[in-house]
Amino acid sequence: MKAEPTSGTKQPPDSSNVQLHADITAREESEEALHKAGALQSAIFNSANFSSIATDAKGIIQIFNVAAERMLGYTAAEVMNKIMPAELHDPQDGIARAEALSVEFGTPIAPGFDALVFKAARGIEAVYELTNVRKDGSRFPAMVSVTELREAEAAIIGYLFLGTDNTSRKQTEEALVKAALAAAELAAIQSAVSEAAIIVVTDLTGRIEQVNDNFVNISKYSREELIGQDHRLLNSGLHPKAFIRDLWLTITKGEVWRKDIRNRAKDGSLYWVDTTIAPVLNERGEPVKFIAVRFDITARKQAEQDLSEKARLLDLTQDAIIVRGTEGEIRYWNHGAAELYGWSREEALGKISHELLQTKFFVPVEEMLAELHRTNHWVGELIHTKRDGQRITVLVRKTLDRDSEGNPAAVLENISDITARKLAENALHLSAGLFSSLVEKAPYGMYVVDDQFRLQQVNARARPIFGNIQPLLGRDIAEIIKGFWGEEVGGRIADIFRHTLETGERYLSPSFTERRQDLDVQESYEWEAQRIILPDGRHAVVCYFADISERRALENSKAELAADLVRADRAKDEFLAMLAHELRNPLAPLRNAAEILQTPGASADEHDQAQRIIGRQIENMTRMIDDLLDVSRITEGKIELCRQPVALADILGAAASVARSGIAARRQELTISLPAEPIFLNADATRLDQVFGNLLGNACKYSDSGCHISLSAERAAGVEPPEVIVRVRDDGMGIAPELLPHIFDLFVQSTRSLDRAHGGLGIGLTLVQRLVKLHGGSVEARSEGLGCGSEFIVRLPILPGPVAVQPPPSAPAAPEILRRILIVDDNEDATNSMAMLQRHRGHETRTAFTGPEAVAAAAEFLPNVVLLDIGLPGMDGFEVARRLRAMPALADTFLVALTGYSSDEDRSRAREAGFDEYLVKPVDLDLLREWLRSRA
Ligand code: FAD
């Protein structure tokens, strides 16, 4: 059968006219009829709903009907004899089909036309779902049946492809699938909801028709007990009528009502359900039933109730309590927090706490967080800023709340405002600081003893008194003080403290000087005790004190000095009395001797005796005055030693020979023991004579008749530089122990009575000591006491080896040269007696008693020698000398100053005035004679 191409002008029959659903038999009959008429063929080809495409055996399109044109967008002319049907399908379909057929038939089948017609070519029904591609490239699903066209039922002459647009069917199928899925989903949801929720279905009056297991379980009623009942069965009576009314009003209006209901179970227990009641509406929107879906929220409600109970309680506390989430968001803000910071709960909730409060930390935030996470707690001080901008110091106790898995969930902060306390503390700290620095820097010692009698506080001044203070703090003060001052004194002080503590009476100590038992030193204090009140309200005793030991020592030394001065003054007075006595002493024998000389009947022997008396007394007085002058000169450093090598034996021998007469007179015994080897000193022999003469004289003077005196010398052993020890020892009256330390002091004598037998001024030993010292030696006095004798030990440096000692050149006695001598002195006796003496010696003399007289007498007399006193009336001796020197006639005149003054200054003035010599009164007449002799 060859398909005829349809004419485009032919109108297709109305689709409704095609009765595909007609009875098969009738159809076959009609077909037959139609076939016969050719009308069917034409109708099918021109059907608008079936695309009819016929190809030749090779697959080239030969027929392309109107429906095909409409479905695929090509005109018949565009495809006929040009393309194959495979080109009108998605090539992927062809590939898939080829693969499927290859598998089905177990032979490789190429995609494309072959695959399309593979089945048809074998007489097998081939209907495929293919994706057609329109001319414009759009696609649509199509059902395509492929039939082979055979000629005379033999060879295949082509194929017929009948196709329908499968789009709407596909869509219906998909919708059905979706609907089935939705139904399944709904069923699943229902089951899940039923599983999870408490479900009840009631009729319009609220009568229970259906309940699920959850309803049964929670209500504790059986299903049978529930069905047909009203919810009144469960009514707890805890909801007001208005609540139930609102429920009913809502659901009867056809709206959904949702609230939490509290019901009572069969056993009387209460439970909360989150209830949603939905009316089931008919097509007119009227409720026909009610479905209630509920969830058990008893635990949550309980928790909420607990929480609100806690919150209520937390609201009662004065402290601010904040709960913040892990991000810092405020979740709870109690009444206290609102009061403290000024933000209401509503304002604060949800805010970030540290932003709201402008938190300032005193410690690094990381440190705080680390501790909080480690221990779940943190306590510390922070600065917060209130709503009104005021900054406050708060003490915060943070507690970290963790969830069931241990992760941080929230932080509870318990906050108290400590601003006032801080301020008070600071003020206290400040004033305590000020107070303690005042106490520390007080210019006196201070320590505090508390009411338990314990040493509490000791300031800087007081600390040295206590020594190492640390172990003493907190110890019993009585114990400490007794350690310092001993049982008795310490006990007395402790009693005073106790009395002051009990009575509040202030105690002011009189001067306090005691020996510290622990240090063994004398200490003096001024102190007082007062009762004070400590900051904690208890009584205490504060002891203020000043260490006046130094002041006291100074006062004592001043007192000693004053006593020394008094002693010295007394010694001076005694000395002056003594001096007067000593100077007057020789006067009596002198006067007596003078009287004897004037007595006409006196024998030559008596004259001789009187003269010796006079000589001796004058010698005594001279020595006394020399000593006095020497002492003062040595004191003033005005004596210069005339040192030269000298043999010790010579010095001691000379001194002994001087002393010997006195010793002999008292019938004492002198023994001298000197080392065999000679000892030489570099010394002033005259001065050392004076030293040992004095010591021997004293030994004689202070020993009774018949006593023994020894003078010994020995080289000191093992002493460098070498020295000699000379001892003058006697077994006389000895030295009292109290006198011994002062024996070398000026004016000190063993006895001080004017009627004493020994005479002397008490300057001898002073002189001895000073002269020995001048020689680089020392002197020491020893005595076992009164009646035990004395020993004076002189140590002197000696020359190392034997020295050649030059004996003083003994000048041959020169013959007396007779001279004209002018003698000038305002003391007429002195003047006349001197003139008398000189005249006896053959000289020519003239006297003058004043300065002017002297000048006049000299001018006239033209003396060879003038003995001129310095202290003259009218013109002093210096002036007289200058005038005499001014006279050419007196150019060679020998001017000798005779004076009582013997200072160096006087001597140099004398030299300047023109004197040739300077002699101190009383003049040594032998010396004068020598001079007069030698001045040729
Ligand atoms: P009532 O004094 O009986 O009624 C209070 C007011 O509610 C009345 O004055 C009236 O204004 C209104 N009202 C009461 N009944 C009706 C009605 N039938 N139609 C219209 N208005 C009415 N109650 C519970 O206590 N617990 C529940 O869990 C609960 N679940 C319910 C679930 C569903 C699906 C429905 C429909 C009702 C439910 N009810 C529930 C309500 C319950 O049916 C009763 O109405 C209620 O328990 C009665 O409470 P009452 O005695 O305090 O109030």
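Residues numbered from 1 in each chain as written. Predicted model: local features only at pLDDT ≥ 70, side-chain atom pairs only at ≥ 80, totals over all residues. Heavy atoms only, no water.

(A) The overall build of the protein chain, seen in detail. A tally of helices and strands in the protein chain yields 29 helices and 34 strands. Scored against the burial criterion, the 936 residues of the protein chain give a buried share of 38%. Taking as baseline every contact in the protein chain between residues at least 6 positions apart, the subset at least 24 positions apart corresponds to 52%. Only carbon and sulfur atoms are counted for the fraction: they give 54% of the accessible area of the protein chain, which is about 52300 Å². (Helix = DSSP H or I, 4+ residues; strand = E, 2+ residues; numbered from the N terminus. Buried < 20%, exposed > 50% of the residue type's maximum accessible area, 1.4 Å probe, protein only. Contact = heavy atoms within 4.5 Å. Areas by Shrake-Rupley, 256 points an atom, 1.4 Å probe, with all protein chains shown as cover.)

(B) Geometry of helix α25 (residues 828-840). A rise of 1.5 Å per residue sets the reference length of α25, with its 13 residues, at 18 Å; its end C-alpha atoms lie 18 Å apart and thus fit the reference within 8%. By the burial criterion, the buried members of α25 are Thr831, Met834, Ala835 and Gln838. The buried residues of α25 occupy one face: seen down the axis, they fall within an arc of 100°. Along α25, exposed side chains directed more than 90 degrees from the buried face belong to Asp829 and His840. On the buried face of α25, the contacting elements are β30 (820-824), β31 (844-848), β32 (865-869) and α29 (925-934). For α25, the N-terminal capping position is held by Asn827, with its side-chain oxygen 3.1 Å away from the main-chain nitrogen of Ala830. (Expected span 1.5 Å × (residues − 1). Arc of directions from axis to C-beta. Polar contact = N/O pair within 3.5 Å; in protein donor to acceptor, adjacent residues only side chain to side chain.)

(C) Representation of the site of the ligand in the model. Around the ligand sit 17 residues in total, of which Arg232, Asn235, Trp248, Asn263 and Arg294 are the nearest. Contact between the ligand and Asp230: an oxygen atom at 3.1 Å from a side-chain N or O atom of the residue. Within the side chain of Arg232, a nitrogen or oxygen atom sits 2.8 Å from an oxygen atom of the ligand. Contact with the protein chains covers 77% of the free accessible surface of the ligand, which is 910 Å². Secondary structure elements with two or more residues in the shell around the ligand: α10 (241-252), β8 (257-264) and β10 (287-296). Tallying contributions element by element places α10 first for the shell around the ligand, with 6 residues. (Near = heavy atom within 4 Å.)

(D) Just the packing of helix α22 (residues 648-665) against helix α23 (residues 685-701), in detail. Close contact between α22 and α23 brings their axes to 8 Å; oriented N to C, the two are set at 35°. The chirality of how α22 crosses α23 is right-handed. Residues Ile651, Leu652, Ala654, Ala655, Ala656, Ala659, Gly662 and Ile663 of α22 lie in contact with α23, whose contacting residues are Ala685, Leu688, Asp689, Phe692, Gly693, Leu696 and Cys700. Of the residues belonging to the contact of α22 with α23, the class tally is 12 nonpolar, 2 polar and 1 charged. (Axes fitted to C-alpha atoms, helices over the stretch in contact; angles between N-to-C directions. Left-handed = near helix turned anticlockwise from the far one by under 90°. Nonpolar A, V, L, I, M, F, W, Y, C, P; charged D, E, K, R; others polar.)

(E) Geometry of the sheet that holds strand β11 (residues 320-325). If you walk across this open sheet you meet the 6 strands as β12-β11-β16-β15-β14-β13, and the pairing is antiparallel. For this open sheet the edge positions go to β12 (330-333) and β13 (360-361), each flanked by a neighbour on one side alone. Lying over the sheet, helix α16 (residues 419-441) contacts β14 (377-385), β15 (391-402) and β16 (408-417), oriented at roughly 125° with respect to β15. (Pairing = 2+ DSSP bridges.)

(F) Layout of the pattern of salt bridges. Per the stated rule, a full pass over the model turns up 55 salt bridges. A salt bridge links Arg454 to Asp450; the shortest N-O distance between them is 2.9 Å. With a shortest N-O distance of 3.8 Å, Lys482 and Glu487 are connected by a salt bridge. Salt bridges here are not isolated pairs; linked through shared partners, they connect Asp260, Arg300, Lys301 and Glu304. (Salt bridge = Lys/Arg side-chain N within 4 Å of Asp/Glu carboxyl O.)

(G) Expanded view of unusual backbone geometry. Of the consecutive residues Glu720 and Pro721, the connecting peptide bond is found in the cis state with omega at -10°. By the secondary structure assignment, Pro721 is in the loop between β26 (708-715) and β27 (723-730). The phi dihedral of Asn81 is positive, around 60°, even though this residue is not glycine.

(H) Examining the pairing of strand β28 (residues 778-783) more closely. Residues Val779, Ala781 and Ser783 of β28 are buried on one face, while the alternating residues Ser778, Glu780 and Arg782, pointing to the opposite face, are not. Where β28 meets strand β29 (residues 790-797), 6 bridges bridge the pair, whose relative direction is antiparallel. Paired with Glu780 across the two strands is Ile793, which belongs to β29. Hairpin connection from β28 to β29: 6 residues lie between these consecutive antiparallel strands, with Gly785 at a positive phi of about 130°.

(I) Looking closely at the packing of aromatic side chains. According to the stated counting rule, one finds 19 aromatic pairs in the structure shown. Ring plane angle 85° and centroid distance 5.9 Å describe the contact between Trp485 and Tyr525, whose orientation is recorded as edge-to-face. Pair noted here: Trp485 is in helix α18 (residues 477-503) and Tyr525 is in strand β21 (residues 521-533), with a separation of 40 residues, a long-range link. Judged by its relative accessible area of 5%, Tyr525 falls in the buried class. (Phe/Tyr/Trp six-rings, centres within 6.5 Å; stacked < 30°, edge-to-face > 60°.)

(J) Representation of the side chain of Asn459. Examined against the element boundaries, Asn459 turns out to sit in the loop between β18 (455-458) and α17 (463-466). Separated by 3.0 Å, the side chain of Asn459 and the backbone nitrogen of Ala462 make a polar contact. Apart from the residues lying within four places of it in its own chain, the contact partners of Asn459 are Val439, Glu440, Ala442, Tyr444, Gly445 and Met446.

(K) Quick look at the nonpolar core. Core analysis: the biggest nonpolar cluster contains 47 residues, and Leu681, Phe692, Leu695, Leu696, Val724 and Val726 have the highest contact counts within it. Filtering out sequence-adjacent residues up to four positions away, Leu695 remains in contact with Val728, Leu765, Val768, Phe792 and Val794. (Core = buried A, V, L, I, M, F, W, Y, C linked by side-chain atoms within 4.5 Å.)

(L) View of the sheet that holds strand β2 (residues 61-64). Read from one edge of the open sheet, 5 strands run β2-β1-β5-β4-β3, paired in antiparallel fashion. The outermost strands of the open sheet, each flanked by one partner alone, are β2 and β3 (126-133). Each adjacent strand pair in this sheet contributes to an overall mean axis angle of 30°, direction not counted. Where β3 lies against strand β4 (residues 139-150), 8 bridges are found, and the strand directions are antiparallel. The partner of Ala126 across the bridge, within β4, is Val146. Packed onto the sheet, helix α7 (residues 167-196) meets β3, β4 and β5 (156-165) and runs at close to 125° relative to β4.

(M) Highlighting the confidence of the model for the protein chain. Of all residues in the protein chain, 90% have pLDDT values of 70 or greater, and the mean over the chain is 84. Low pLDDT, under 50, characterises residues 751-757; the stretch is placed with 12 contacts to residues that sit more than four places away or in other chains. (pLDDT = per-residue confidence, 0-100.)

(N) Region of the structure containing α29. What α29 keeps buried is the set Leu928, Trp931, Leu932 and Arg933. In this structure, the buried residues of α29 make contact with β30, α25, β32 and β34 (917-920).

(O) Region of interest: the pairing of strand β7 (residues 208-211). One ladder, built from 3 bridges, connects strand β6 (residues 198-202) with β7; its direction is antiparallel. If you follow Thr202 over to β7, its bridge partner there is Ile208. The antiparallel pairing of β6 with β7 creates a hairpin that spans 5 residues between the two strands, and Gly206 there sits at a positive phi of about 95°.

(P) Quick look at the environment of Glu78. Position of Glu78 among the secondary structure elements: in helix α4 (residues 76-79). Taking the C-alpha atoms as reference, Glu78 lies 9.5 Å from Phe64; in sequence the two are 14 residues apart. Discounting residues that sit within four places of it in the chain, Glu78 has contacts with Gly73 and Lys135. In this structure the side chain of Glu78 is engaged in a polar contact, spanning 2.8 Å, whose partner is the side chain of Lys135.

(Q) Summary view of the packing of helix α26 (residues 851-861) against helix α27 (residues 877-886). Interhelical geometry of α26 versus α27 gives an angle of 20° and a closest axis separation of 9 Å. Compared by their axis directions, α26 and α27 come out roughly parallel. Considering the relative orientation of α26 and α27, their crossing is right-handed. Contacts between α26 and α27 involve Gly851, Ala854, Val855 and Ala858 on the former and, on the latter, Val880, Arg883 and Leu884. The residue makeup of the contact of α26 with α27, split by class, is 5 nonpolar, 1 polar and 1 charged. (Parallel < 35°, antiparallel > 145°, perpendicular 65-115°, else oblique.)

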